[in-house]
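This is what each chain is made of:
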Amino acid sequence: MRVLVVEDARSLADVVAEGLRDQGMAVDLAYDGLEAAAKLDLNAYDVVVLDRDLPGIHGDALCQMITARDGRAMVLMLTAAGAPGDRVSGLTLGADDYLAKPFHFPELTLRIRSLARRRPTARARTLHAAGLELDPVRRTALREGRPLELSVKEFAVLESLLRASPGFLSTEDLLEQVWDENADPFTNTVTVTIGRLRRKLGGPPVITTTPGVGYRIAEAPTGRSDSAPAGTS
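Every chain is numbered on its own, with residues counted from 1 as its sequence reads. A pLDDT threshold of at least 70 governs which residues receive local features in this predicted model, and a stricter bar of 80 or more applies before side-chain atom pairs are shown or counted, although totals over entire chains, interfaces and linings include all residues. Note: side-chain values were computed over all heavy atoms of the structure, leaving out hydrogens and water.

**Student:** Honestly, the overall build of the chain in this entry has me stumped. Any pointers?
**Tutor:** Each helix corresponds to a stretch of at least 4 residues labelled H or I by DSSP, and each strand to a stretch of at least 2 residues labelled E; elements are numbered beginning at the N terminus. Each helix and strand in the chain was counted, giving eight helices and eleven strands. A total of 233 residues make up the chain; the buried ones form 46% of that total. It only takes one pair of heavy atoms within 4.5 Å for two residues to be counted as in contact. Long-range pairs, those at least 24 residues apart, make up 56% of the contacts in the chain with a sequence separation of at least 6. Residue exposure (1.4 Å probe, protein chains only): buried if accessible area is under 20% of the type maximum, exposed if over 50%, otherwise partly exposed.

**Student:** What is the right way to look at the pairing of strand S11 (residues 214-217) in this model?
**Tutor:** Every regular strand shows the same layout, with side chains that alternate between the two sheet faces. Two strands are counted as paired when DSSP detects at least two bridges linking them. Relative to S11, strand S10 (residues 207-210) runs antiparallel, the two being bridged by four bridges. Note on S11: the bridge partner recorded for threonine 209 is tyrosine 215. Where S10 hands over to S11, the hairpin turn is made up of three residues, of which glycine 212 adopts a positive phi near 85°.

**Student:** Would you take a moment to explain the sheet that holds strand S1 (residues 2-6) for this structure?
**Tutor:** Within a sheet, adjacent strands bond to each other through the backbone by hydrogen bonds, running parallel or antiparallel. Taking strand neighbours across the sheet as the criterion, the five strands line up as S2-S1-S3-S4-S5 in an open arrangement whose pairing is parallel. Whereas interior strands pair on both sides, the edge strands pair on one side only; in this sheet they are strand S2 (26-30) and strand S5 (97-100). Direction aside, the axes of adjacent strands within the sheet are offset by 20° on average. As paired strands, strand S3 (residues 47-50) and strand S4 (residues 74-79) are joined by four bridges and run parallel to one another. Looking at S4, one finds that leucine 50 is bridged to methionine 77. A fitted line through C-alpha atoms serves as each axis, taken over the contacting stretch for helices, and the angle formed by two N-to-C directions is quoted from 0 to 180°. Sitting on the sheet, helix H3 (residues 59-67) is in contact with S1, S3 and S4, with an inclination near 170° to S4.

**Student:** What is the right way to look at the sheet that holds strand S6 (residues 127-129) in this model?
**Tutor:** Strands sit in the order S6-S7-S8-S9 across an open sheet of four strands; the sheet is antiparallel. Both outer strands of the open sheet, S6 and strand S9 (146-147), are each paired with one neighbouring strand and no more. Relative to strand S8 (residues 140-143), strand S7 (residues 132-135) runs antiparallel, the two sharing four bridges. Across the sheet, the residue bridging to glutamate 133 is leucine 142, located in S8. Across the sheet, helix H6 (residues 152-164) lies against S6, S7 and S8, angled at about 110° from S7, the strand it touches most.

**Student:** Looking at this structure, how should I read the packing of H6 against helix H7 (residues 171-178)?
**Tutor:** Two quantities define a packed helix pair, namely the angle between the helix axes and the distance between the axes. Between H6 and H7, whose axes approach to 10 Å, the crossing angle comes to 120°. Between H6 and H7, the interaxial angle falls into the category oblique. The way H6 lies across H7 gives a crossing that is right-handed. Where H6 abuts H7, its residues Lys153, Ala156, Val157 and Ser160 lie against Leu174, Gln177 and Val178. Class assignment of the residues belonging to the contact of H6 with H7 gives a composition of four nonpolar, two polar and one charged. Here is the rule for angles: anything less than 35 degrees is roughly parallel, anything more than 145 is roughly antiparallel, 65 through 115 is roughly perpendicular, and the remaining ranges are oblique. A clockwise turn of the near helix away from the far one marks a right-handed crossing, whereas an anticlockwise turn of less than a right angle marks a left-handed crossing. Gly counts as polar in this scheme, as do all residues outside two lists: the nonpolar Ala, Val, Leu, Ile, Met, Phe, Trp, Tyr, Cys and Pro, and the charged Asp, Glu, Lys and Arg.

**Student:** Even after reading the chapter, I still don't get the environment of leucine 148, so can you show me in this structure?
**Tutor:** Counting through the fold element by element, leucine 148 comes out in the loop between S9 and H6. On the basis of relative accessible area, leucine 148 is assigned to the buried category, the value being 9%. Discounting chain neighbours no more than four positions away, the residues touching leucine 148 are Leu132, Ala141, Leu142, Arg143, Lys200 and Leu201.

**Student:** Explain H3 here, please?
**Tutor:** For an α-helix, 3.6 residues make a turn, and residues three or four places apart therefore share a direction. Restricting attention to buried positions, one finds in H3 the residues Gly59, Asp60, Leu62, Cys63 and Ile66. All buried residues of H3 fall inside an arc of 160° around its axis, so they share one side. Packed against the buried residues of H3 are S1, helix H2 (33-42), S3 and S4. By arc we mean the arc of the directions from the helix axis to the C-beta atoms, nothing more.

In structure tokens form, the structure reads like this:
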């Protein structure tokens, strides 16, 4: 899941972003409305956590810009303006949810995940394929009923692969969905994480690689599983 946090209070924005990354989300930051608009033009986000009182472009105008797009991100307004009238006006602008400051961080996380599931392209909460079962909310992963002990990044990679199944994800796709805008496109971090994930999943292998295409979850892999890094798609 990729999230954009738009908040001009830098200390709060950094804390929120770090906390969401600890939950396995890829998080980008914008400290004003102009920066947010530029990032929305460049990247596809599942959820935008949006402050209302922003410099550059006001949060209300930014919300209307987001909701006017095709395949838009879901918008969670996170603001100090928490009176009932403020909530009503925010939702009237097209926001999908509204959370007043101060807030409880676990509630913020649950609301973001709930919004991501409500997107038109979102799938069921529990993901299943090739004997794997993953629940992003409860943060549990099983293979043939066996619990898997995965790191935050391993869990996020598996979630992305299961959401794409039976399709492929390239290295670039995984960098965009699991890491963030600061990820080095020339790093081997995807290859390394996939390697660790394969070892933890055990045999028979269910993550296959097609050079020049990417990685995917295969129900019944045949032949030798290639562990070479995927190329660009």
